[in-house]
Amino acid sequence: MRGKLSLLVGVCASAVATPAFAQSAGGSADTEEIIVTAQRQSERLQDVPIAVSAFTPEALDKQQIKNTSDLQLSLPNITFTKTNFTSSSFTIRGIGDLCVGVTCDQATAIHLNDSPLFQTRLFEGEFYDLAQIQVLRGPQGTLFGRNATSGVVDLITAKPDLSKFGASGEAEYGNYNSIKVKGMLNAPLTDTLGVRLAGFYLNRDGYTLNLANGKHYDDRNMYGLRASVRWEPTSGTTIDLMAQYFREKDHRMRIQKQLCQRDPTGIIGCLNATQGYGVTNGNSTLASVLTSKQFFAIRGLPTAFALGDLYGPDSYSGVVNPADPRVINTDTDPNYFTDEWIVVGSLDQDLGKGLSLKLTGNFESVRVDSSQDYTNSIQSRALIQPTLNTLAAAASGALGAGLATYLKPVADALMPNGPTGVICTSLPEETGTGVYGGHKSCAMSPQDFDRSVQYNKSWSAEAILSSKWDGKFNFLLGGIYSKLTMSENSYYVNSFGLDYFAGVGGAFTALGSALPPAYLATPFYRNNSDYLKVSSYGIFGEAYYKFDDRIKLTLGLRYNHDQKDIIARTTVFNWLVPNGSTNAYTSPYFGSYDADANLPGNQPFQVRNAKFNELTGRAVLDFQITPDNLIYLSYSRGYKSGGINPPLSPIFAVPETFSPEFVNAFEIGSKNQFGKLTLNLTGFYYKYKDLQLSRIVARTSVNDNVSANIWGLEAEAILRPTPGLSVNISASYLNTKVSEDKYLANPRDFGGGRSDAVIIKDITNATNCAVGANTAGNTAGVNAFVNTVNTLINAGSIPGVAAGAGLRPTTSFGAGSGIASTGAYSICAALQAVAATNGAAFDPKGITVYTSGIPVNIKGNKLPGAPDYKVAAGVQYEIPAGRLSITPRFDIVLTGTSTGNIFNGAVNRIPSYTQINAQVQIDGPDRRWFIRGFVQNLGNSNPITGLYVTDQSSGNFTNIFTLEPRRYGVAAGFRF
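Source: prediction; values computed, not measured. (Residues numbered from 1 in each chain as written. Predicted model: local features only at pLDDT ≥ 70, side-chain atom pairs only at ≥ 80, totals over all residues. Heavy atoms only, no water.)

Caption draft 1: Representation of the overall build of the protein chain in the model. Scanning the protein chain from N- to C-terminus turns up nine helices and 53 strands. Along the first, second and third principal axes, the C-alpha set of the protein chain runs to 90 × 60 × 50 Å. Within the protein chain, the fraction of its 976 residues that count as buried is 61%. Long-range contacts, defined here as pairs at least 24 residues apart, represent 70% of the contacts in the protein chain between residues at least 6 apart. Here the protein chain has roughly 33900 Å² of accessible surface; of this, 60% comes from carbon and sulfur atoms. Side chains of the protein chain give 80 positive and 79 negative charges; the mean places of these two sets differ by 1 Å. (Helix = DSSP H or I, 4+ residues; strand = E, 2+ residues; numbered from the N terminus. Buried < 20%, exposed > 50% of the residue type's maximum accessible area, 1.4 Å probe, protein only. Contact = heavy atoms within 4.5 Å. Areas by Shrake-Rupley, 256 points an atom, 1.4 Å probe, with all protein chains shown as cover. Lys, Arg positive; Asp, Glu negative; His and termini not counted. Charge placed at Lys NZ, Arg CZ, Asp CG, Glu CD.)

So this is what it looks like as structure tokens:
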């Protein structure tokens with residue numbers, strides 16, 4: 001048997017973040033050498049000129065790092081949060097996944113056994129049977145897989161031990177009826193072949209109470225299984241094969257809570273000054289606008305069939321949003337399903353003469369499907385009941401048999417038991433027929449919910465040739481090819497109001513066109529990427545030259561090629577579908593739909609592709625002052641490929657694609673061992689070009705590019721004054737700023753902070769636009785202009801617009817709103833037309849209508865998800881007790897304030913938080929068994945880790961994501 005390297009022992013880093021250390025068989029605290037593979041070869045930690053942190057299984061257990069979310073609590077300048085669409089963002093030194101969309105690459109690359117993964121669900125499961133976790137901070141590319149601008153998280157699974165039989169098991173019980181079990185079985189089959197089986201199971205009750213029905217949501221029901229095989233046919237050959245499966249099916253909540261400073265006008269839904277536990281004004285939403293008296297009037301539809309009045313009570317009037325983040329009030333159960341297969345294989349071959357070859361490949365198959373109440377609240381039925389009665393009467397012939405023919409299918413689908421029974425909402429499904437095809441969810445209240453679903457498969461293959469010669473020169477040369485194929489990605493928004501408009505609006509459209517009874521499809525919003533292929537390859541290498549035993553130069557270079565092909569479309573109310581159809585996309589009227597306004601004719605999909613080719617690299621000079629003291633200087637250039645924005649309505653001027661992002665990263669580091677003290681210091685400066693970030697436009701995430709500067713400091717220390725005592729402290733500071741003049745419209749304030757502007761809610765599509773006077777300060781002129789146009793609309797003097805809308809003059813949003821502009825309901829296209837011909841009558845320099853809002857300069861703003869400081873400390877002391885040992889441990893982390901949105905301000909502020917964990921463990925003789933008591937988040941706080949501002953046609957509310965509440969329990973286990 002060949003000798004094996006010892007496992008990584010403790011936290012290692014340019015900053016050492018944990019006090020974990022290896023234990024001898026007798027349980028003493030003698031520290032072994034720390035071995036890392038950050039440069040794709042086994043090296044002593046203090047010799048590696050890279051900012052890298054790592055954890056052993058013992059360190060994970062001691063610091064209660066159960067999953068990826070916990071991992072952030074022990075790492076400097078690192079945060080982790082869930083995001084809005086069944087995804088997450090692992091942010092390193094201020095750079096995370098600010099880009100939203102299927103063509104976005106990850107800023108932080110996730111690897112399993114050194115192999116890169118696409119769209120993985122690893123962040124949702126629990127850690128089990130790992131050999132180590134490595135987190136590399138800073139741009140990577142010449143060493144690890146696909147490019148990553150912020151860093152790499154590499155999970156290394158435990159490999160079969162060919163020398164002996166082994167097994168371990170652990171059972172845990174905690175509050176929320178949490179039951180977790182983990183186990184491992186290791187079996188050498190021959191001297192050269194071994195297998196290892198491992199798994200975990202977690203089941204617990206939910207953290208969040210639903211007042212409406214007494215149920216608890218955000219529970220967990222998941223398991224993971226892994227099988228590993230190692231074969232060593234010769235002394236120079238090692239073959240590893242690992243396959244693992246993960247499955248979750250429960251009521252996990254993607255979104256913990258909505259925050260809103262309620263807008264009394266309904267023009268923007270939520271105001272711009274503060275966060276609060278209000279509920280958005282429903283009159284700002286697409287469903288309310290399209291079913292309003294105002295919209296029905298301008299379209300010449302009978303207003304008796306309108307569900308509401310934009311100037312009257314809204315569907316959320318009187319609804320209470322509990323101030324406790326763990327309490328909601330909803331009529332829809334969240335549902336969550338995901339599963340993932342990952343297979344990774346590798347061959348390590350000693351070629352002789354100091355050369356070695358490593359071949360690695362993986363395959364991944366992922367499915368995720370999640371649905372949740374879109375607003376986490378319950379709409380009022382009383383407001384719409386009179387209209388439901390009117391619809392039922394008309395469907396029964398009260399207004400004539402001819403009208404009944406068209407409205408009866410609508411009433412039957414929406415109210416199968418009559419106007420006082422349940423009312424039905426479309427399920428988010430692929431035929432596009434929804435409730436009118438029998439796909440429905442029925443309740444006594446009007447429902448609204450969303451669904452996020454994705455299926456993808458990917459694979460990659462990598463080869464690395466490296467040398468380990470005794471001379472001054474060594475090298476590493478590699479290549480990788482990766483491919484992802486996504487067969488489905490859809491985001492749906494469903495609402496009873498949308499279904500109502502699809503049915504009633506479609507019926508009157510068909511009647512007016514002398515067509516058979518029909519409805520409008522799709523009766524829900526669907527952003528669908530029907531196909532995506534990402535092909536990527538890279539050729540990379542590094543050369544290492546030692547001037548002497550103390551000074552070494554590293555030079556690395558990489559060529560990158562990325563190609564993305566996508567077929568996508570967005571649908572809502574785009575064409576008529578005859579009643580009784582089983583598939584909306586085969587409707588005889590589907591040909592009127594155009595998914596791509598940039599091409600002539602009507603296109604069923606938008607088809608786009610993009611290619612990117614770039615060179616990146618790094619240079620490092622390190623100086624080994626003494627065997628225990630190292631300093632290094634490094635420069636690296638990071639790259640993340642660009643992508644393609646989702647299809648949008650042509651009325652909005654946004655880029656069709658977004659550019660690659662680049663970072664020039666400069667770093668100086670020092671790694672030191674001063675007797676019993678390990679002290680590591682790092683300073684860095686990043687110059688970002690074309691950083692990718694997302695904002696919502698017309699119900700779709702659109703990505704822009706912006707340049708930024710980032711700098712920061714990191715200091716970590718581990719002190720072991722006695723064999724049983726270990727103390728760790730880490731501290732980091734981070735400064736992030738947009739470095740260029742960049743003008744973007746803030747969705748929360750389309751008036752751009754101007755008092756001489758009016759924010760408009762468009763009554764034809766529920767989006768916002770803004771009207772501004774070209775003469776600064778002409779507040780009276782711009783308000784008079786909007787009021788005049790509204791008078792024309794009310795009189796029916798605008799082409800294609802019927803009279804009777806009853807639009808009111810501009811209004812203030814009120815004191816403390818954070819909005820200097822006034823607001824009004826109107827029609828943006830009408831305002832544009834009048835401004836083009838008669839704007840000078842109100843302002844000598846004219847009037848401008850900003851369809852995408854008045855842009856503001858974000859230069860100097862902080863980047864989202866980048867706390868300004870972070871301090872973590874932990875202490876543990878191993879107390880001998882005969883043949884037993886008792887080890888209490890205490891950890892605390894303080895995370896500073898950050899912002900959740902590039903527009904900054906109090907409304908986007910993420911408060912600082914403190915989290916405290918504690919535990920005590922009793923280990924038996926030779927550590928063959930243990931008993932542990934633990935508490936996590938001792939103060940039971942609800943720290944916010946991230947936020948997302950939703951679309952203006954949904955009400956501009958803010959989704960927040962939080963850490964878990966206080967958890968406590970006991971665990972027991974064995975190992976041999």
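Caption draft 2: Up close: the packing of helix α8 (residues 779–794) against helix α9 (residues 828–838). Orientation of α8 relative to α9, taken along the N-to-C sense of each, is 115°, at an axis distance of 10 Å. If you check the angle between α8 and α9, you find them roughly perpendicular. The hand of the α8/α9 crossing is right-handed. In this structure, α8 uses F785, V786, V789, L792 and I793 to contact α9, whose residues at the interface are A830, L831, V834 and A835. Across the contact of α8 with α9, the residue classes break down as nine nonpolar, no polar and no charged. (Axes fitted to C-alpha atoms, helices over the stretch in contact; angles between N-to-C directions. Parallel < 35°, antiparallel > 145°, perpendicular 65-115°, else oblique. Left-handed = near helix turned anticlockwise from the far one by under 90°. Nonpolar A, V, L, I, M, F, W, Y, C, P; charged D, E, K, R; others polar.)

Caption draft 3: Representation of helix α6 (residues 401–414) in the model. With 14 residues, α6 should cover 20 Å at 1.5 Å per step; its first-to-last C-alpha distance of 20 Å lies within 8% of that length. A maximum bend of about 40° is found in α6 at L407, where proline P409 lies one to four positions downstream. Taken together, the buried residues of α6 touch α5 (385–395), β21 (423–426), β22 (440–443) and α7 (496–512). (Expected span 1.5 Å × (residues − 1). Bend = angle between axes of the 7 residues up to and from the residue.)

Caption draft 4: Structural detail: the nonpolar core. In terms of nonpolar packing, the biggest core is built from 98 residues, with F305, L391, L414, I760, V771, F785 and I793 touching the most fellow members. Counting residues in hydrophobic clusters, the runner-up holds 24 residues, among them F55, L60, I65 and L117. (Core = buried A, V, L, I, M, F, W, Y, C linked by side-chain atoms within 4.5 Å.)

Caption draft 5: The arrangement of the side chain of T149 in detail. Within the secondary structure layout, T149 lies in the loop between β8 (130–137) and β9 (151–157). When its relative accessible area of 0% is taken as the criterion, T149 is described as buried. Here E661 takes part through its side chain, which lies 3.0 Å from a polar atom of the side chain of T149. (Polar contact = N/O pair within 3.5 Å; in protein donor to acceptor, adjacent residues only side chain to side chain.)

Caption draft 6: Layout of the sheet that holds strand β39 (residues 768–773). In spatial order, the strands read β40-β41-β38-β39-β42; together these five strands make up an open sheet with mixed pairing. Each edge of the open sheet carries a strand with a single partner, namely β40 (811–812) and β42 (847–850). Sheet strands touched by α8: β38 (757–762), β39, β41 (822–826) and β42. Its angle to β41, the strand with the most contacts, is close to 20°. Contacts from α9 reach β38, β39, β41 and β42 within the one sheet, and its direction differs from that of β42 by about 155°. (Pairing = 2+ DSSP bridges.)

Caption draft 7: Representation of the sheet that holds β9. Sheet architecture is open: five strands sit in the order β3-β8-β9-β6-β7, paired in mixed fashion. Of all the strands in the sheet, the pair left with one neighbour each is β3 (52–55) and β7 (115–116). Strand direction decides the pairing type here: strand β6 (residues 108–112) and β7, joined by two bridges, are antiparallel. Across the sheet, the residue bridging to L112 is S115, located in β7.

Caption draft 8: Structural context of α5. When α5 is considered as a whole, its buried residues turn out to be Q385, T387, L388, L391, A392, A394 and A395. Buried-residue contacts for α5 involve α6, β21 and α7. Count one or two residues on from α5 and you reach G397, which has phi positive near 100°.

Caption draft 9: Region of the structure containing a nonpolar patch on the surface. A cluster of nonpolar residues, F165, L185, L197, L884, I922, W929, I931, F974 and F976, forms a patch on the protein surface that exposes about 790 Å² of accessible area. If you trace the backbone, I931 turns up in strand β50 (residues 929–936). You can call I931 partly exposed: its relative accessible area is 45%. (Patch = residues over 30% accessible without salt bridge, like charges linked within 9 Å, V, L, I, M, F, W, Y side chains within 5 Å. Salt bridge = Lys/Arg side-chain N within 4 Å of Asp/Glu carboxyl O.)

Caption draft 10: Main features of the state of the cysteines. This model, assessed by the stated rule, comprises three disulfides. Paired by a disulfide, C260 and C270 hold their sulfur atoms 2.0 Å apart. On the sign convention where negative is left-handed, the bridge of C260 and C270, at about -115° about the S-S bond, is left-handed. With C260 in the loop between β17 (257–259) and α3 (286–290) and C270 in the loop between β17 and α3, this residue pair connects regions lying 10 residues apart in the sequence. (Disulfide = S-S within 2.5 Å.)

Caption draft 11: Broad picture of the pairing of β6. With five of its five residues buried, β6 lies for the most part within the structure. Of the two faces of β6, both are covered, the one formed by T108, I110 and L112 as well as the one formed by A109 and H111. The antiparallel pairing of β6 with β7 creates a hairpin that spans two residues between the two strands, and N113 there sits at a positive phi of about 55°.

Caption draft 12: Up close: the packing of aromatic side chains. Evaluation of the coordinates by the stated rule reveals 35 aromatic pairs. Note on F974 and F976: the rings are 6.0 Å apart at their centroids and 20° apart in plane angle, and the pair reads as stacked. Pairwise contacts between aromatic rings join W575, Y585, F590 and Y593 into one cluster. Seen from the ring of F684, R93 lies directly overhead, with NZ or CZ sitting 4.1 Å from the centre. (Phe/Tyr/Trp six-rings, centres within 6.5 Å; stacked < 30°, edge-to-face > 60°. Lys NZ or Arg CZ within 6 Å of the ring centre and 35° of its normal.)

Caption draft 13: How the structure looks around the side chain of D339. Residue placement: D339 occurs in strand β19 (residues 335–352). Note on D339: relative accessible area 7%, which makes it buried. Within polar-contact distance, the side chain of D339 engages the side chain of Y245 at 3.1 Å. Of the polar contacts made by the side chain of D339, one reaches the side chain of R367; its length is 2.7 Å. Once you skip the residues sitting within four places of it in the chain, D339 turns out to touch Y245, F246, R247, S365, V366 and R367.

Caption draft 14: Representation of the environment of A815. Within the secondary structure, A815 sits in the loop between β40 and β41. Considered as a pair, A815 and A273 are 542 residues apart in the sequence and their alpha carbons are 9.9 Å apart.

Caption draft 15: Up close: the confidence of the model for the protein chain. For the protein chain, per-residue confidence averages 91 on the pLDDT scale, and 94% of positions sit at 70 or higher. Predicted confidence for residues 1–32 stays below pLDDT 50, and this span has 118 contacts to residues more than four positions away or in other chains. (pLDDT = per-residue confidence, 0-100.)

Caption draft 16: Quick look at the packing of α6 against α7. Interaxial distance between α6 and α7 falls to 9 Å at its minimum, and their mutual angle equals 165°. Relative to α7, α6 is oriented roughly antiparallel. The hand of the α6/α7 crossing is right-handed. Contacts between α6 and α7 involve L403, Y406, L407, V410 and L414 from the former and F496, D499, Y500, G503, V504, A507, F508, A510 and L511 from the latter.

Caption draft 17: Region of interest: unusual backbone geometry. Cis geometry marks the peptide bond from A521 to T522, where omega comes out at -10°. Tracing the sequence through the fold places T522 in the loop between β25 (518–521) and β26 (525–546). At N113, a position not held by glycine, the phi torsion is positive, near 55°. Looking at the element boundaries, N113 is found in the loop between β6 and β7. Residue classification places N113 among the buried residues on the basis of a relative accessible area of 10%. You will see that K353, though not glycine, has its phi angle at about 55°, which is positive. Here K353 lies in the loop between β19 and β20 (355–373). On the accessibility criterion, K353 (81% relative accessible area) is exposed.

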